[in-house]
Amino acid sequence: MSAPAIVTVLHDSAPDLRRLLASLPRAAADSLVVVDAGSADDGPRIAADWGATVVEAGDVGFGAANNAGLRHVTASVTILLNPDIVVGDPPVLERLARHARCADALHVPRLRNPDGSAQRSAHALPGRPGALLPALVHPRALPRRLRLQADPWRASAEREVGWAIAAAVAARTETLRRLGPFDPAQFLFYEDMDLCLRARAAGVPTVLHPELELEHRGGHSTGPAYGGEPHELLARRRHEVVAANLGPRAAALDGAAQALTFATRAGARLALRREAARERAQLRAVLHALRG
């Protein structure tokens, strides 16, 4: 059985890449494809010195760069892996690949922050009326069934999810190629939601395997470029992706749930006399996206 291919995209990611490579077995060099999306640091040289195949794609964006890397894959299974992942237990990748060989789906692990806490990396299908309840009542206060519907990232057993953060995704290479996997017209943000929704429409579910865990730093490459969180862009991109895949009604429901969530959070923080500038900025951005 051949080893899975690993595709990772760099954009000034040298420190992250060093951590990733240190966590991978040396045997992975033969199956590692590193795509440089316009880096100004020495990430591509580090990858080449390690023995990876390096593809120069230019500043084409995350999705298009992954697509470029996939064209160099010969293995039957591919793992799309962000450079800010640390593989603490190398068999995790092979176990993800094994799931992909057995079932045609997008297989994702549980992601953890460097401090060990779980990331909210797996989500419910957007644009459903059920999202309005956890927008008003914190999911931790809901019965277990409703809590897991709202926050599938909390699951302790394998389950299908609406969409997941694409920091680590294993799937059959042919399935990924059939899906794109990513829409090259989408430069940044919510490419993973778009991928999972398009895959769902094609009969390919997204499956969370919470027993398989990887460390993910997350968000560090985009924050400096935008001077912080680009709330307006994030809200607009999410609205566009939901509308394109699920229709305008679903986009309106998703926007309403997002707005209620941020309004509830802001109200709770203000009641506790805490700063709520972030939540208020998020709320304004969602309302602007809905009006637009």
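In case you missed it, the structure is sitting above this.
Scope of this entry: the structure provided in the associated data block. Keep in mind the model is a prediction, meaning the values are calculated, not measured. Per-chain numbering applies: the sequence of each chain, read as written, is numbered from 1 onward. With the structure being a predicted model, the display of local features is reserved for residues of pLDDT at least 70 and the display and counting of side-chain atom pairs for 80 or more, all residues being used for whole-chain, interface and lining totals. Side-chain figures throughout are based on the complete set of non-hydrogen atoms in the structure, without hydrogens or water.

1. Some points on unusual backbone geometry
Next up, step 1: Cis geometry marks the peptide bond from Gly180 to Pro181; its omega dihedral reads -10°.
Next up, step 2: Segments assigned H or I by DSSP are reported as helices when at least four residues long, segments assigned E as strands when at least two residues long, and all are numbered from the N terminus. Locating Pro181 in the fold gives a position in the loop between helix H7 (173-179) and helix H8 (191-201).
Next up, step 3: Of note, the phi angle at Asp12 is positive, near 55°, even though the residue is not glycine.
Next up, step 4: Mapped onto the secondary structure, Asp12 falls in the loop between strand S1 (5-10) and helix H1 (14-23).

2. Thoughts on helix H2 (residues 43-50)
Next up, step 1: Burial classification: accessible surface area is computed with a 1.4 Å probe over protein chains only, and a residue below 20% of its type maximum counts as buried, one above 50% as exposed, and the rest as partly exposed. Within H2 the residues assigned to the buried category are Gly43, Pro44, Ile46, Ala47 and Trp50. Buried residues of H2, viewed axially, fall in a sector of 160°; they line one side.
Next up, step 2: Contacts are assigned to residue pairs that have any heavy atoms within 4.5 Å of one another. Packing partners of the buried residues in H2 comprise S1, H1, strand S2 (32-36) and strand S3 (53-56).
Next up, step 3: Within two residues after H2, Gly51 carries a phi angle of roughly 110°, on the positive side. For this quantity, the arc is that covered by the directions from the helix axis to the C-beta atoms.

3. Notes on the pattern of salt bridges
Next up, step 1: Any carboxyl oxygen of Asp or Glu within 4 Å of a side-chain nitrogen of Lys or Arg constitutes a salt bridge here. Applying the stated criterion across every chain, the model contains 16 salt bridges.
Next up, step 2: Residue Arg154 pairs with Asp151 through a salt bridge whose shortest N-O separation is 3.0 Å.
Next up, step 3: Put simply, Arg278 and Glu229 hold a salt bridge, and the shortest N to O gap is 2.5 Å. Of this pair, Arg278 sits in helix H11 (residues 277-291) while Glu229 is found in the loop between strand S11 (206-216) and helix H9 (231-246), placing the two residues 49 residues apart along the sequence.
Next up, step 4: Given a relative accessible area of 39%, Arg278 falls into the partly exposed group.
Next up, step 5: Bridged by salt links that share partners, the residues Arg18, Asp42, Arg45 and Asp49 form one connected network.

4. Brief notes about the nonpolar core
Next up, step 1: Membership of the largest hydrophobic core comes to 42 residues, with the highest contact counts inside it found for Val35, Val73, Leu106 and Met193.
Next up, step 2: For this core, the element with the most residues is H8, which contributes five residues.
Next up, step 3: Formed by 31 residues, the second largest nonpolar core is a distinct cluster that contains Leu20, Val34, Leu111 and Ala170. Take the buried residues of types Ala, Val, Leu, Ile, Met, Phe, Trp, Tyr and Cys, join any two whose side-chain atoms come within 4.5 Å, and each joined set is a nonpolar core.

5. Description of H1
Working note: α-helix, 3.6 residues per turn, so residues spaced by three or four point in the same direction.
Next up, step 1: Here H1 has its buried residues at Ala14, Asp16, Leu17, Leu20, Leu21 and Ser23.
Next up, step 2: Looking at the packing, one finds that the buried side of H1 touches S1, S2, H2, strand S4 (77-81) and strand S5 (85-86).

6. Digging into a nonpolar patch on the surface
Next up, step 1: A residue counts toward a patch only above 30% relative accessible area and without a salt bridge, and it is joined to like-charged neighbours within 9 Å or, for Val, Leu, Ile, Met, Phe, Trp and Tyr, to nonpolar neighbours within 5 Å. Accessible surface is estimated by sampling points in the Shrake-Rupley manner with a 1.4 Å probe; for residues, cover comes only from the protein chains shown. A cluster of nonpolar side chains, Leu133, Leu136 and Val137, forms an exposed patch at the surface whose accessible area comes to about 240 Å².
Next up, step 2: Note on Val137: relative accessible area 31%, which makes it partly exposed.

7. What about the environment of His231?
Next up, step 1: Tracing the chain through its elements places His231 in helix H9.
Next up, step 2: Sequence separation between His231 and Arg278 is 47 residues; the distance between their C-alpha atoms is 8.9 Å.
Next up, step 3: For His231, the contacting residues outside a window of four places in its chain are Arg278, Ala281, Gln282 and Ala285.

It is worth stressing that arrangement in space is one thing and function is another; only the former is reported here.
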